[in-house]
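Geometric and topological summary
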Amino acid sequence: MKKGIIGKKIGMTQIFDEKGNVIPVTVIQAGPCVVVQKKTTEKDGYEAVQLGFAEIKEDKVTKPLKGHFGKANVAYKRYLKEFRLEDCAALNVGDIVKADAFEAGERVDVTGMTKGRGFSGVIKRWGCHRLRMSHGTGPVHRQVGSMGANSDPSRVMKNKKMAGQYGNEKVTTLNLDVVKVDKEKNLLAIKGAVPGSRGGIVYIRNTVK
């Protein structure tokens, strides 16, 4: 990983390119993030930097975290995320990482928590077909249908697609184009949709593919 930053999803809009084509983009407030901790191979066994994002009041910070921020001599942050960057030596504790770390035309991976949809049926959760609406089907038109073989193995097989909790899980969307970078306001316009709702926290890195 060469680049990484923490951001907040602002929402979606559209912009136009030089040829007049409309491009749907997601606007993300990327940073500013401060380097709270730096891990080295000699001390920790690997190289990484821990970034902090979004201010938080002192009375909402736990005592261990107060010592953690005090050791780094940085302001309290609400979100912390560790990035294993290739060139961690270029960053030191207290350095600021902003949206200008990325450039228009680059491709990135965006990780976020999807919208929680609660307990959902198989049609909404997995896209299954409903059963026939004819006589004899009974009041189970939206249920999953057959559970599998009867006498052998006499149980529901593992990973059977059934009703249950839908959403509220960590998802990474790969190979998204950075269309525009606003260095003054720390905004990234990324083509397409990214996981999560408006105001959700996302993690952006250069693409791994």
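A brief report on the enclosed structure follows. (Residues numbered from 1 in each chain as written. Predicted model: local features only at pLDDT ≥ 70, side-chain atom pairs only at ≥ 80, totals over all residues. Heavy atoms only, no water.)

**Some thoughts on the sheet that holds strand β4 (residues 48-55)**
Strands belonging to one sheet form pairs held by backbone hydrogen bonds; the direction of such a pair is parallel or antiparallel. The condition is simple: DSSP bridges decide pairing: two strands pair if at least two such bridges lie between them. For the purposes of this entry, the term helix denotes a DSSP run of H or I that reaches at least four residues, the term strand denotes a run of E that reaches at least two, and both are numbered from the N terminus.
With antiparallel pairing, four strands are arranged side by side in an open sheet as β5-β4-β3-β6. For this open sheet the edge positions go to β5 (77-83) and β6 (96-97), each flanked by a neighbour on one side alone. Note: strand β3 (residues 33-39) against β4, five bridges, orientation antiparallel. From the neighbouring strand, K38 faces β4, where its bridge partner is V49.

**Quick word on the pattern of salt bridges**
The condition is simple: The rule for a salt bridge is simple: a side-chain nitrogen of Lys or Arg has to be within 4 Å of a carboxyl oxygen of Asp or Glu. With a 1.4 Å probe rolled over the protein chains alone, any residue whose accessible area is under 20% of its type maximum counts as buried; one over 50% counts as exposed, and the rest are partly exposed.
Enumeration according to the criterion identifies six salt bridges in this entry. R205 serves as the salt-bridge partner of D109, at 3.3 Å between the closest nitrogen and oxygen. You can see D109 sitting in strand β7 (residues 107-113) and its partner R205 sitting in strand β12 (residues 201-206), a full 96 residues away along the chain. Looking at R205, the relative accessible area reads 23%, which means it is partly exposed.

**Some remarks on the sheet that holds β12**
The test is simple: Every axis corresponds to a line fitted to the C-alpha atoms, with the helix fit spanning only the stretch in contact, and the corresponding angles, defined between N-to-C directions, vary from 0 to 180 degrees.
Read around the barrel, six strands follow the order β1-β2-β11-β10-β7-β12 and close on themselves; strand pairing throughout is antiparallel. Within this sheet the neighbouring strands show an average axis-to-axis angle of 50°, counted without direction.

**Regarding the packing of aromatic side chains**
Selection criterion: By convention, a stacked pair of Phe, Tyr or Trp rings (six-membered ring in the case of Trp) has centres within 6.5 Å and planes under 30 degrees apart, an edge-to-face pair has planes over 60 apart, and any other such pair is tilted.
Under the definition given, this model contains one aromatic pair. Centre to centre, the rings of F69 and Y76 are 5.8 Å apart; their planes meet at 75°, and the pair counts as edge-to-face. In this structure F69 comes out as buried when scored by relative accessible area, which is 1%. Among the residues examined, Y76 registers a relative accessible area of 23% and is labelled partly exposed.

**Some remarks on the environment of L85**
Keep this limit in mind: Every residue pair with non-hydrogen atoms within 4.5 Å of one another is taken to be in contact.
As for its position among the elements, L85 is in the loop between β5 and β6. The exposure class assigned to L85 is buried, which follows from its relative accessible area of 11%. Considered as a pair, L85 and A48 are 37 residues apart in the sequence and their alpha carbons are 6.0 Å apart. Among residues more than four places away in sequence, those in contact with L85 are M1, K2, K3, G4, V49 and L91.

**Considering the environment of K2**
Relative to the elements of secondary structure, K2 occurs in the segment before β1 (4-16). The exposed category is assigned to K2, whose relative accessible area is 59%. For the pair K2 and G52, spaced 50 residues apart in sequence, the C-alpha to C-alpha distance is 18 Å. Those residues in contact with K2 that sit more than four places away from it in its chain are L85, E86 and N206.

**Digging into unusual backbone geometry**
Cis geometry is found at the peptide bond from D152 to P153, where omega equals 15°. Assignment of secondary structure puts P153 in the loop between α3 (122-126) and β9 (164-165). At N159, a residue that is not glycine, the phi angle is positive and equals roughly 70°. With respect to the helices and strands, the residue N159 is situated in the loop between α3 and β9. A positive phi angle, near 55°, is found at N168, a position not held by glycine. With respect to the helices and strands, the residue N168 is situated in the loop between β9 and β10 (170-182).

Worth remembering: the numbers are spatial, not functional.
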